[in-house]
Each structure stands twice: as structure tokens, then as C-alpha cells.
Amino acid sequence: PQAVGAPEVRELLAHRDPRVRALAAAIVGEAKLEASVAAAAEEADEAPGRARARGMLQSADPRIRRGACEALARQGPSAAQGADGFAADAAALLLDPVPEVREAAAQALRMMGVAAAPALAKILVGAAFGEVEGGDHLLLELVGAGGLAA
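Quick caveat: nothing in here was measured; it's all calculated off a predicted structure.

All right, on to the overall build of the protein then. A tally of regular secondary structure across the protein gives eight helices and zero strands. Each helix and strand of the protein, placed in order from N terminus to C terminus, yields the pattern α-α-α-α-α-α-α-α. Within the protein, the fraction of its 150 residues that count as buried is 38%. The contacts in the protein between residues at least 6 apart in sequence include a share of 57% that link residues at least 24 apart. Surface exposure of the protein reaches about 8700 Å², of which carbon and sulfur atoms provide 59%.

In this model, helix α6 (residues 99-112) (14 residues) spans 20 Å end to end at C-alpha, consistent with the 20 Å of a helix rising 1.5 Å per residue. Here α6 has its buried residues at Val 101, Ala 104, Ala 105, Ala 106, Ala 108, Leu 109 and Met 112. Of the residues flanking the end of α6, it is Gly 113, one or two places downstream, whose phi is positive at about 80 degrees.

To continue, consider the nonpolar core. One recurring pattern in soluble globular proteins is that nonpolar side chains are buried together. Core analysis: the largest hydrophobic core is formed by 32 residues, its most contacted members being Leu 94, Leu 109 and Met 112. Elements represented by at least two residues in this core include exactly α3 (47-57), α4 (62-75), α5 (87-92), α6, α7 (117-125) and α8 (135-146). If we skip the residues at most four places from it in the chain, Leu 109 touches Ala 87, Ala 90, Ala 91, Leu 94, Ala 116, Leu 120, Leu 138 and Leu 142.

Moving on, we get to the packing of α4 against α6. Where α4 meets α6, the closest approach of the two axes is 8 Å, and the angle between their N-to-C directions is 15 degrees. Taken as axis vectors, α4 and α6 run roughly parallel relative to one another. Relative to α6, the crossing made by α4 is left-handed. Here Pro 62, Arg 65, Arg 66, Cys 69, Glu 70, Leu 72 and Ala 73 of α4 lie close against α6, whose contacting residues are Glu 100, Val 101, Ala 104, Ala 105, Gln 107, Ala 108, Met 111 and Met 112.

What follows covers the pattern of salt bridges. In total, this model carries five salt bridges according to the counting rule given. For Arg 63, the salt bridge goes to Asp 61, with nearest N and O atoms at 2.9 Å. We classify Arg 63 as partly exposed; its relative accessible area is 40%. With a closest N to O distance of 2.9 Å, Glu 141 and Arg 110 form a salt bridge. Remark: Arg 110 occurs in helix α6 and Glu 141 occurs in helix α8; sequence separation between them is 31 residues. What makes Glu 141 partly exposed here is its relative accessible area of 39%. Residue Arg 110 is classed as partly exposed on the basis of its relative accessible area, which comes to 34%.

The next subject is the confidence of the model for the protein. On average, the protein scores 79 in pLDDT, and the residues at 70 or more come to 66%. Ranking the elements of the protein by mean pLDDT puts helix α2 (residues 18-42) last with 64 and α6 first with 95.

Here we come to the environment of Pro 97. Following the sequence through the fold, Pro 97 ends up in the loop between α5 and α6. For Pro 97, a relative accessible area of 68% puts it in the exposed group. Sequence-wise, Pro 97 and Pro 62 are 35 residues apart; in three dimensions their C-alpha atoms are separated by 9.1 Å.

Taking 1.5 Å per residue as the helical rise, α4 with its 14 residues ought to reach 20 Å, and the 20 Å between its terminal C-alpha atoms agrees with that figure. When we look at burial in α4, the residues that qualify are Ile 64, Arg 65, Gly 67, Ala 68, Cys 69, Ala 71, Leu 72 and Ala 73. Just past α4, the residue Gly 76 takes up positive phi, approximately 70 degrees.

How each quantity is defined
- Residues numbered from 1 in each chain as written.
- Predicted model: local features only at pLDDT ≥ 70, side-chain atom pairs only at ≥ 80, totals over all residues.
- Heavy atoms only, no water.
- Helix = DSSP H or I, 4+ residues; strand = E, 2+ residues; numbered from the N terminus.
- Buried < 20%, exposed > 50% of the residue type's maximum accessible area, 1.4 Å probe, protein only.
- Contact = heavy atoms within 4.5 Å.
- Areas by Shrake-Rupley, 256 points an atom, 1.4 Å probe, with all protein chains shown as cover.
- Expected span 1.5 Å × (residues − 1).
- Core = buried A, V, L, I, M, F, W, Y, C linked by side-chain atoms within 4.5 Å.
- Axes fitted to C-alpha atoms, helices over the stretch in contact; angles between N-to-C directions.
- Parallel < 35°, antiparallel > 145°, perpendicular 65-115°, else oblique.
- Left-handed = near helix turned anticlockwise from the far one by under 90°.
- Salt bridge = Lys/Arg side-chain N within 4 Å of Asp/Glu carboxyl O.
- pLDDT = per-residue confidence, 0-100.

Written out as C-alpha cells, the structure reads:
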């Protein structure tokens, strides 16, 4: 995010070739999006921050959903802790229509570890029975990561 204002970036944003300008603008937009997702994840211990992070997981924009999952993955097991943890939200995204979101959700669950297993199991045996590709392997991976005690 700090690099967004760097002289090199400003130079690319003002480049004479419109393709270079468009690419630079897209990169700047992604950097700002990642910063926003990271800020929401850092605020996740507070109720407003948790609501904001949950909103990002439910965003219409798949880049935001993917970024929110990546932020949860960086939080690790703490993202699944508590009654209002994010494991159920991440597990629900295993049904997302966008493959990159599904992959990021699976990685978030992996990083949450065994604490995410109940939320994943609920998705796998619920309405989504048979719809989560590789879900059974992911569940075994989670349970194996923390033993059989949950």
C-alpha cells in the first residue's frame, strides 16, 4: 500500500500507453483492496470489525471474497475461535461459483486447523452433500492436523 504513492507507480499511472496506465491502475486497485481486507481482518476481534470482515466474505465481488479468505488464512486458528468465528463463513465459500474463491476458502480452513472441522462437516453433510469437491479429504486433513479431539 505504501508503494502505491511511490514515484515509479505515479509514473506508470501517467504513462502515455493506455495499456500501461490500465495495468498500473489495476495493480493499485488490488493493493488498496488487499489493504482494506487486511484492515478488516485486524479489526476482527472487535464486533464492528467482525461484521465488516463477514460482509467482505459475502461481497458480490469475488476478489473481495478471495481476499477476505486470504486474510482469514493469515489469522490461522484464531479466525475459527469463539461463537462468532469465521469457520462457517469460510466453509460456505467452498460452494462459491468462482474457483479462486473456493481455493482461498479451503486454504483458510486448512490454516484454521481442527477448530474449523465442525463447520466443514456441517457443510459436507448438510444441503451441500456431495457438492464440495475434495471436501472429504479436506475434513480428514483438518482432523489429522489436530488429532481426533476437537
